[in-house]
Amino acid sequence: MIAAPDRMPVTRDFFARPVLEVAPELLGRTLVRTTPDGPIEVRITEVEAYAGEADPGSHAYRGRTERNASMFGPPGHAYVYFIYGMWFSLNLVCGEEGTASGVLLRAGEVIRGRELARERRPKARKDRELAQGPARLATALSVDRSLNGTDVCAGPDAPLSVLTGHPVHPDRIRNGPRTGVGGEGATHPWRFWAEGDPTVSPYRAHVPRNRGAGRGGAGKTGRQAGA
């Protein structure tokens, strides 16, 4: 049986490009989380780009560590990290192997498996809030460090996969500073979102935290959630 055009897996070549090309083109794609209880699918509506060792906002800015090692691996794999001792965030590795760039998935619309997502996000008042923000998205999809390094190009039967979906038209894509990123990376307009989509998360500028409370660059692929 031939898959419909919107159900085709995104190829590795798609991710093997500069992160600033990949990030906006992820908008409208379908992220599939396959769980023992059934699949959950999210239409991606908001992302942030992180450019590795060239980006002060990135977890990889100071080089490779045990935590960010998956960012240096092949493109088209997941980078999952734990932040502030509370939440997980999901990033997708881009560029050539060894470059450590990635895209933080900030928000999306749950289009399949809403009941499963609600079980994981019981405090969500509306469906649009189920995956509105990187921590909420990861929680709704039951993403944790066990999925770090997962190949998202392996097809819909993999634990995580990205399908072609319905890409957002370039005229509807907006960009601006990344949420919660401070320092030299604060002004990079590398947050991309679908204009007018109710699932997009509110922008929040960086607020300095107490020393020692948490470190790392982007893992948003940035600070909150990025790479």
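Because the structure is a prediction, the values reported are computed rather than measured.

Q: What is the right way to look at the packing of aromatic side chains in this model?
A: Under the criterion given, the structure shown has three aromatic pairs. Against the face of F14 rests R17, its NZ or CZ located 4.8 Å from the ring centre.

Q: What is the right way to look at the pairing of strand β4 (residues 87–94) in this model?
A: Within a regular beta strand, the side chains point alternately toward one face of the sheet and then the other, so they alternate between its two faces. Of all eight residues that make up β4, six are buried, and the element is covered over most of its length. Taken together, the six bridges between strand β3 (residues 78–83) and β4 define a ladder with antiparallel strand orientation. Counted as the bridge partner of I83 is W87 from β4. In this structure, the hairpin formed by β3 and β4 is closed by a connection of three residues, where Y84 is found at a positive phi of approximately 55°. Two strands pair when backbone bridges link them, and β4 and strand β5 (residues 101–112) are joined in this way by four bridges, in the antiparallel orientation. Directly across from V93, in β5, lies its bridge partner G102. Linking two consecutive strands that pair antiparallel, namely β4 and β5, is a turn of six residues; a positive phi of about 75° is found at G95 within it.

Q: Could you clarify how one ought to interpret the pattern of salt bridges in this entry?
A: Working definition: two side chains of opposite charge can pair if their charged atoms are close together. Inspection of the entire model under this criterion finds 18 salt bridges. A salt bridge links E41 to R112; the nearest nitrogen and oxygen atoms lie 3.1 Å apart. Here the residue E41 occupies a position in strand β2 (residues 38–50), and R112 occupies one in strand β5, the gap between them amounting to 71 residues. Given the relative accessible area of 3%, E41 is considered buried. Salt-bridge contacts for R106 lead to E46; the nearest nitrogen and oxygen are separated by 3.0 Å. With R106 in strand β5 and E46 in strand β2, this residue pair connects regions lying 60 residues apart in the sequence. Of the two residues examined, R106 and E46, each falls in the buried class. Each of R43, E109, R114, E115, R118, D127 and D197 takes part in one network of salt bridges that share partners.

Q: Please clarify how the nonpolar core should be interpreted in this entry.
A: A general tendency of soluble globular proteins is for nonpolar side chains to be buried together. In this structure, F15, L26, L31, V47, L90, V103 and L105 are the most contacted members of the largest nonpolar core, which totals 43 residues. Here this core gets five residues from one element, more than from any other, and that element is β2. Beyond its immediate chain neighbours, meaning those up to four positions away, L31 contacts I40, E41, V42, I44, L90, L105, L137, L141, L160, S161 and V162. One finds F72, Y79, V93 and A100 within the second-largest nonpolar core, a separate group that totals eight residues.

Q: Help me understand the environment of A194, please; the structure alone is not making it clear to me.
A: In this structure, A194 sits in strand β8 (residues 191–194). Excluding anything up to four places from it in sequence, A194 contacts L27, T45, V168, R172 and V200.

Q: Help me understand unusual backbone geometry, please; the structure alone is not making it clear to me.
A: Leave glycine aside and you will find that most residues have negative phi; peptide bonds, for their part, are mostly trans. Positive phi, normally seen in glycine, also occurs at A100, with a value near 60°. One can find A100 in the loop between β4 and β5.

Q: I would appreciate a short explanation of the side chain of D197 in the present structure.
A: For D197, the position within the fold is in the segment after β8. Taking relative accessible area as the criterion, D197 reaches 11% and is therefore assigned buried. Leaving out residues up to four positions away in the same chain, D197 has contacts with R43 and T45.

Q: I tried to follow the layout of surface pockets on my own but got confused; where do I start?
A: If a probe as big as a water molecule is rolled over the atoms, it shows which places are left empty. In this model, the second largest pocket occupies a volume close to 460 Å³. Looking at the second largest pocket, it is lined by 21 residues, and the ones nearest its centre are Q132, G133, P134, A135 and R136. Sorting the residues of the lining of the second largest pocket by element identifies β4 and α4 (134–140) as the ones contributing at least two each. A total of four residues in the lining of the second largest pocket trace back to one element, the largest contributor, which is α4. Here the residues of the lining of the second largest pocket sort into eight nonpolar, seven polar and six charged.

Conventions and cut-offs
Residues numbered from 1 in each chain as written. Predicted model: local features only at pLDDT ≥ 70, side-chain atom pairs only at ≥ 80, totals over all residues. Heavy atoms only, no water. Phe/Tyr/Trp six-rings, centres within 6.5 Å; stacked < 30°, edge-to-face > 60°. Lys NZ or Arg CZ within 6 Å of the ring centre and 35° of its normal. Buried < 20%, exposed > 50% of the residue type's maximum accessible area, 1.4 Å probe, protein only. Helix = DSSP H or I, 4+ residues; strand = E, 2+ residues; numbered from the N terminus. Pairing = 2+ DSSP bridges. Salt bridge = Lys/Arg side-chain N within 4 Å of Asp/Glu carboxyl O. Core = buried A, V, L, I, M, F, W, Y, C linked by side-chain atoms within 4.5 Å. Contact = heavy atoms within 4.5 Å. 1 Å grid on protein atoms, 1.4 Å probe; cavity = no way out; pocket = protein on both sides within 12 Å on 5 of 7 lines; lining within 4 Å. Points joined across faces, edges and corners; volume = space filled by probe spheres on them. Nonpolar A, V, L, I, M, F, W, Y, C, P; charged D, E, K, R; others polar.

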